[in-house]
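So the chains spell out like this:
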Amino acid sequence: MGETITFWVLAVVSVVAALGLVFSRKAVYSALMLGVVMLSLAVLYAVQDAPFLAVVQIIVYTGAVMMLFLFVLMLVGVDSSDSLVETIRGQRFWAVVAGLGFAVLLAVGIGNAVIGDPAGLSGAVTADGGNVPALARLIFTRYVFAFEVTSALLITAALGAMVLAHRERSAPKATQKDLSRARFLGDHPTPLPGPGTYARHNAIDMPALLPDGSVSELSVNRVIARHDVEGGRLPDNPRLAQAIRNVASGSGGTSPSPKVVQAVAEEPGSPSRSEGLGEPEGGGRSEGFSEPEVLGDAEDKPKVAQTAGRAAEHPVEEEGK
Amino acid sequence: MTTHYLVLSALLFAIGGVGVLVRRNAIVVFMCVELMLNACNLAFVTFARQHGNLEGQIIAFFVMIVAAAEVVVGLAIIVTIFRTRRSASVDDANLLKY
Amino acid sequence: MEPAEIVQHSGGVIGVSWLTIVLPLLGAAILLLGGRRSDRWGHFLGVAMSLASFVVAALVFFELLGLGADQRRRLVQLYEFLPAGTVDVKLGLLLDPLSISFALLITGVGSLIHIYSIGYMAHDPDRRRFFAYLNLFVAAMLLLVLSDNYLGLYIGWEGVGLASYLLIGFWQHKPSAAAAAKKAFVVNRVGDMGLALGIFVIFTTFGTLSFGPIFSHASQASQGTLTLIGLALLVGACGKSAQLPLQSWLLDAMEGPTPVSALIHAATMVTAGVYLVVRSGAIFEGAPTAQLVVTIVGVATLLAGAIIGTAKDDIKKALAGSTMSQIGYMMLAAGLGPVGYAFAIAHLIAHGFFKASMFLGAGSVMHAMNDEVDMRKYGGLASVMKITWITFGLGYLAIIGFPLLSGYWTKDGIIETAMEHNAILGWLAVAGAGITGFYMSRVFFMTFHGERRWDKDAHPHESPAVMTWPLIILSIGSVFGGAFLIAGNRFMEFLAPAVGRPEEMPSFQPFSLTGLVTLALVAVGVVYAWLKYGRSAVPAVAPRGSFLTVFARRDLYGDALNEALFMRPGQWLTRLAVFFDNRGVDGLVNGLAALIGGTSGRLRRVQTGFVRSYALSIFFGAALLVGAWFVVGNL
């Protein structure tokens, strides 16, 4: 009875979380939903006489793999949300058809199968005195070769990850002297104004006032400003609200520190290298992740050209409007 | 009960599959793959109990290890691609075509 | 009387009679393989080989004469050529009066023409090659006439065909010569096919290819088989001897150098058909139908050739028409049985002399007139080229049958024999003689008499001695050959061991009715030609002429007939095949390829490069597999 309740609760939770994983716009939510599913499954493992797996599930999956996911998410840019506009024609429809068909087929098949009561693992486990020793016996006897091969796989994976993610330094490391020189050559020799300077709020998303009373757009992080704009959490003061909007849209000033770094790192011949991962930059920077229309769809290009051509043909009309 | 577990496993698997098909963010796609693997693991564990045999749990264990390795390499690849192409969309990497 | 038995022979000159063939063959090989190194002395070697061959042939001839009349068929076994199961061909030479007559004609006239060619081809850079081909021809022709079996005969037959092809197209740079060579080759193939079929039937009927056993067993074969063999051999003879309906190549063959026209296309090779018919006499005598067809072909050709000869302005083509006509006479005689054989061969030899003489004379004229062949641009040459005029004139008188000259004896013999055999054939032959009188006179008067119609830059002169001496010797032959052969039935007696003796020897009557009518007709033709071409002016450009003239000028529409009957349908067939190949076979293949290509081009679009599309198809596949598994599992 207890197992039935556990199952139904966790089944509903895990299915809803899985759906949430698929349908949430933001990758971070997806990751969290996946965590929920994994935890639910861990409990289900525990219920099904697999305590060791349940623990491993929590430690390896929820602990390590999920953290890795989140880490990479943060690395490649957490501030963007995935566009849900489908660009491959029919892909979504057929994906749903295939998924539903697959699920229904499997479910019907499983439902039709005559399955007796579970044999239970107590018999298999008692000889060794518990689940973990029993598993250990199997792993280190019958599956020891696979186990060793797996260790080689893990080592290889670690090395591979290092090789793949490694980046050779193409320019000498910027010294303090270089950084200082770049800062004085740049727009802001002084440190950027913190949100606390002449703060009118104690929140980090509210811009600071400069000594002359003007609003400093430099004092707000662009990511945070964008969250405010998207969430509609703008202050009543129109000047502050406008400043936040400017920051969010990237038209106003942004935090200058990246520019400083950029100026230092921008050696001739390696401009692309200068764009650091995860460093919020100018407006063009974000499109890599959100990219609503980046897809080079063959159908879109002619349209653009058409529009441009039309505009060129009727410049007067356009101006008249 | 076994039937329920298996149906749940199939459901999760299908959801993960649909996710792989409809999402474009490579990381989310990866998560969906993980979801599918987890669904399989659930089936393995269920069958282990059904048959009173620990082999299923062993397989699930190995699946976890392989999945961990896969995630490590996969994410490294994503990072590398993102670094050069400024994009984590699976649709952007479509140069290998007709 | 039946022909004499064939006797095995060894020793003596007859034992080495194969030298007649080998010597010219050796000469050809040396000249062809020697290349430019032999340019300086090549023509002398060619002449030497030909003369040596003639000497051997003459020695053989005298040795044969030394034997008794019924011992004059000597067989010289050389070696086993094809010992293969039932086909056991021993290559051997048959030396009998018939073959030695031919051998003497070939080597004798051939040697004279070799000598003549030294002068005629003096300025040709390829003179060595020319002599090599001439030697090759002599060797092949000798093999043809000396072989004791049909296979050897066939080899020689093809050999002379090859030499003829090479020599007609000797001036390859002239497209007309190349085309003429090809035409001769192709038309000869038709005839050769007939000969080959005849030989096949002979082999299946008699089980051997040797003359001796075949002729001695010929009477045992059914008449139908003999008729079939005879007709097949006749087709071969028609091809080689330019008889109707395979006559079309001979006129074009005049594209070759004039000595070639004289040697191959007048004196020797074209008479191979007559030789074949006479040699196979035993077969034809068992097949009266085939004999009748031979005579009809002969008469038709002698008239056709004569008519063509009347309209040609090209001196060589006029002579070629005459050659056709004269061979027609020989064919007619050859179709008349043993009585005719002697006359046929006698006329053949006489014709070899006077026609070679006239062709070489024509060559001499052309040599003098800058290779001009149009008789309308000759005229009045008698005074500048005395020797040529006289020798050509003697040949001319001989061919029209001027009393006591060669043609008179031999042709009159043929006409008389034909008249006895069949009056229609006889009178047609008489008519042919009348036309001969006209057209040969036309040639003679247009060339040597009348006003001078030369081109401005023409400076006619007598040819060098190396060219005139052969003319003189040949004209002597054309004056006295006939009388020597026919008077007292000398040649008929000589040939009898080879071809059989007629039941009663024809007695020559100088002033028979037929002979007088013939002479009268010839005289009418000569006088008419004199009035038209000797006394009155000859227009420089041929007048359009009546329908008959055009008919003759166009070779009796032989080419048009061939084109309509064979070339056009052949082309249609080819086009049909090409069309079928292009549309049917290629269409199928290309269509299949295009189908696959097009399908691939469309299927290629599936490769979008989007990994999600691929994943979708994989997922669908997995779903299908699961479905299929259920379906199969539930069955």
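Residues numbered from 1 in each chain as written. Chains lettered and ligands numbered in written order. Predicted model: local features only at pLDDT ≥ 70, side-chain atom pairs only at ≥ 80, totals over all residues. Heavy atoms only, no water.

(A) Local environment of the interface of chain B and chain C. Listed per partner, the contact involves 16 residues of chain B and twelve residues of chain C. In total, about 1100 Å² of surface goes out of reach between chain B and chain C, with carbon and sulfur atoms giving 64% of it. Its largest share of buried area at the contact with chain C, chain B owes to Leu21(B), Asp91(B) and Tyr98(B), together 56% of the area lost on that side. Along the contact surface separating chain B from chain C lie one salt bridge. Between Arg612(C) and Asp91(B) there is a salt bridge, and its shortest N-O distance comes to 2.6 Å. At the junction of chain B and chain C, the tally comes to three residue pairs in polar contact (both at pLDDT 80 or more). The greatest single-element share of the side of chain B that touches chain C, amounting to six residues, is contributed by helix H1 (residues 2–22) of chain B. (Contact = heavy atoms within 4.5 Å. Buried area = accessible area lost by both parts, 1.4 Å probe. Salt bridge = Lys/Arg side-chain N within 4 Å of Asp/Glu carboxyl O. Polar contact = N/O pair within 3.5 Å; in protein donor to acceptor, adjacent residues only side chain to side chain. Helix = DSSP H or I, 4+ residues; strand = E, 2+ residues; numbered from the N terminus.)

(B) Broad picture of empty space enclosed by the protein. Residue and element names in this part refer to chain C. The full count for this structure, using the stated rule, is four cavities of 30 Å³ or more. By volume, the largest cavity amounts to about 90 Å³. Considering the residues around the largest cavity, the lining is formed by Ile400, Gly401, Gly407, Tyr408, Lys411, Asp412, Ile415, Ala433, Gly515, Thr518, Leu519 and Val522. Elements represented by at least two residues in the lining of the largest cavity include exactly helix H18 (406–421) and helix H22 (513–535). (1 Å grid on protein atoms, 1.4 Å probe; cavity = no way out; pocket = protein on both sides within 12 Å on 5 of 7 lines; lining within 4 Å. Points joined across faces, edges and corners; volume = space filled by probe spheres on them.)

(C) Representation of helix H9 (residues 223–241) of chain C within the structure. For H9(C), which comprises 19 residues, the first-to-last C-alpha distance of 25 Å matches the rise-based estimate of 27 Å (1.5 Å per residue) to within 8%. Phi turns positive one or two residues past the end of H9(C), at Ala242(C), with a value near 55°. (Expected span 1.5 Å × (residues − 1).)

(D) Representation of the packing of helix H9 (residues 222–231) of chain A against helix H10 (residues 238–249) of chain A in the model. Residues and elements named next belong to chain A. Running from amino to carboxyl end, H9 crosses H10 at an angle of 115°, the nearest separation of the two axes being 8 Å. The handedness of the crossing between H9 and H10 comes out as left-handed. Across from Arg222, Ala225, Arg226, Asp228 and Val229 in H9, the residues of H10 making contact are Ile244, Arg245, Val247 and Ala248. (Axes fitted to C-alpha atoms, helices over the stretch in contact; angles between N-to-C directions. Left-handed = near helix turned anticlockwise from the far one by under 90°.)

(E) Expanded view of helix H12 (residues 272–279) of chain C. Within H12(C), eight of the eight residues are buried, which leaves the element mostly enclosed by the surrounding structure. Taken together, the buried positions of H12(C) are Ala272(C), Gly273(C), Val274(C), Tyr275(C), Leu276(C), Val277(C), Val278(C) and Arg279(C). (Buried < 20%, exposed > 50% of the residue type's maximum accessible area, 1.4 Å probe, protein only.)

(F) Inspection of unusual backbone geometry at higher detail. With an omega of 0°, the peptide bond between Leu244(C) and Pro245(C) qualifies as cis. Looking at the element boundaries, Pro245(C) is found in the loop between H9 and helix H10 (248–252). Of note in this structure, Asp49(A) is not a glycine but carries a positive phi near 60°. Relative to the helices and strands, Asp49(A) is located in the loop between helix H2 (27–47) and helix H3 (51–76). Given a relative accessible area of 32%, Asp49(A) falls into the partly exposed group.

(G) Examining the UniProt feature "transmembrane region" (unreviewed entry) in chain B more closely. Residue and element names in this part refer to chain B. UniProt records the feature "transmembrane region" (unreviewed entry) for residues 6–22, 27–47 and 59–82 in the present numbering. Along residues 27–47 the backbone is 100% helical and 0% strand, and the end-to-end C-alpha distance reaches 30 Å. This span, residues 59–82, is 100% helix and 0% strand, and a straight line between its end C-alpha atoms measures 33 Å. (UniProt positions renumbered as here; feature names shortened; annotations may be inferred.)

(H) Local environment of the interface of chain B and chain A. Contacts between the two partners involve 69 residues from chain B and, on the opposite side, 93 residues from chain A. Both faces considered, chain B and chain A share a buried interface measuring about 7400 Å² in area, 72% of it formed by carbon and sulfur atoms. Joining chain B to chain A, the criterion identifies two salt bridges. Between Arg142(A) and Glu55(B) there is a salt bridge, with the nearest N and O atoms lying 2.4 Å from each other. Here chain B is connected to chain A by 14 residue pairs in polar contact (both at pLDDT 80 or more). Of the residues forming the side of chain B that touches chain A, the biggest block, 22 residues, is contributed by helix H3 (residues 55–85) of chain B. Grouping the amino acids of the side of chain B that touches chain A by side-chain chemistry returns 44 nonpolar, 16 polar and nine charged. (Nonpolar A, V, L, I, M, F, W, Y, C, P; charged D, E, K, R; others polar.)

(I) Quick peek at the pattern of salt bridges. Enumeration over the complete set of coordinates arrives at 17 salt bridges over all chains. Shared partners join several salt bridges into a network, and the residues in it are Arg36(C), Asp39(C), Asp126(C), Arg128(C) and Arg129(C).

(J) Representation of a nonpolar patch on the surface. All names here are of chain C. Among the surface-exposed residues, Val16, Trp18, Val22, Leu26, Ile30, Trp41, Phe44, Leu78 and Tyr79 lie close enough to one another that they form a single nonpolar patch of about 790 Å² accessible area. It is helix H2 (residues 19–34) that provides the largest number of residues to the nonpolar patch, a total of three residues. Considering the arrangement of structural elements, one finds Leu26 in helix H2. (Patch = residues over 30% accessible without salt bridge, like charges linked within 9 Å, V, L, I, M, F, W, Y side chains within 5 Å. Areas by Shrake-Rupley, 256 points an atom, 1.4 Å probe, with all protein chains shown as cover.)

(K) Representation of the packing of H2(A) against H3(A). Residues and elements named next belong to chain A. Packing of H2 against H3 brings their axes to within 9 Å, and their N-to-C directions diverge by 175°. By the criterion of interaxial angle, the relationship of H2 to H3 is roughly antiparallel. Residues Ala27, Val28, Ala31, Leu34, Gly35, Met38, Leu39, Leu41, Ala42, Tyr45 and Ala46 of H2 pack against Leu53, Ala54, Gln57, Ile58, Tyr61, Thr62, Met66, Leu70, Leu73 and Met74 of H3. Of the residues contributing to the contact of H2 with H3, the split by class is 18 nonpolar, three polar and no charged. (Parallel < 35°, antiparallel > 145°, perpendicular 65-115°, else oblique.)

(L) View of the pairing of strand E3 (residues 87–95) of chain C. All names here are of chain C. Both strand E2 (residues 74–84) and E3 contribute to a ladder of nine bridges, which runs antiparallel. Paired with Gln77 across the two strands is Gly92, which belongs to E3. If you look at the hairpin formed by E2 and E3, you'll find two residues sitting between the two strands, and Gly85 has a positive phi there, around 60°. (Pairing = 2+ DSSP bridges.)

(M) Region of the structure containing the sheet that holds E2(C). Taken in spatial order, the three strands make up an open sheet running E1-E2-E3 (chain C), and their pairing is mixed. Edge positions in the open sheet fall to strand E1 (7–8) and E3 of chain C, since each of these has one partner strand only.

(N) Main features of the side chain of Thr436(C). Residues and elements named next belong to chain C. Here Thr436 shows up in helix H19 (residues 423–448). Accessibility expressed as a relative area gives 0% for Thr436, which makes it buried. The residues contacting Thr436, other than those within four sequence positions of it, are Ser325, Gln326, Ile399, Ile400, Lys411 and Ser441.

(O) Examining the side chain of Arg129(C) more closely. Here Arg129(C) shows up in helix H5 (residues 127–146). Arg129(C) has contacts with Phe170(C) and Gln172(C), leaving out every residue within four places of it along the chain.

(P) Inspection of the environment of Leu33(C) at higher detail. Residue and element names in this part refer to chain C. Looking at the secondary structure, you find Leu33 in helix H2. Assessed through its relative accessible area of 72%, Leu33 is described here as exposed. Taking C-alpha positions, Leu33 is 9.6 Å from Ala132, a pair spaced 99 residues apart along the chain.

(Q) Structural context of the packing of aromatic side chains. Summed over the entire model, instances satisfying the criterion amount to 33 aromatic pairs over all chains. Look at Phe102(A) and Phe619(C): their rings are 5.2 Å apart centre to centre, the planes differ by 35°, and that puts the pair in the tilted class. Residue Phe102(A) is located in helix H4 (residues 91–112), and its partner Phe619(C) is located in helix H25 (residues 611–634); the two belong to separate chains. Classification of Phe102(A) by relative accessible area gives buried; the value is 6%. Of the residues examined, Phe619(C) reaches a relative accessible area of 7% and is grouped as buried. Three or more aromatic residues link up through ring pairs in this structure, and these residues are Phe392(C), Tyr396(C), Phe444(C), Phe445(C), Phe448(C) and Trp530(C). (Phe/Tyr/Trp six-rings, centres within 6.5 Å; stacked < 30°, edge-to-face > 60°.)

(R) Inspection of the environment of Leu104(C) at higher detail. Residues and elements named next belong to chain C. For Leu104, the position within the fold is in helix H4 (residues 97–120). Spatially, the C-alpha atoms of Leu104 and Val60 are 9.7 Å apart, while their sequence positions differ by 44 residues. Not counting residues within four places of it along the chain, the set of residues in contact with Leu104 comprises Phe54, Ala57, Ala58, Phe61 and Val109.

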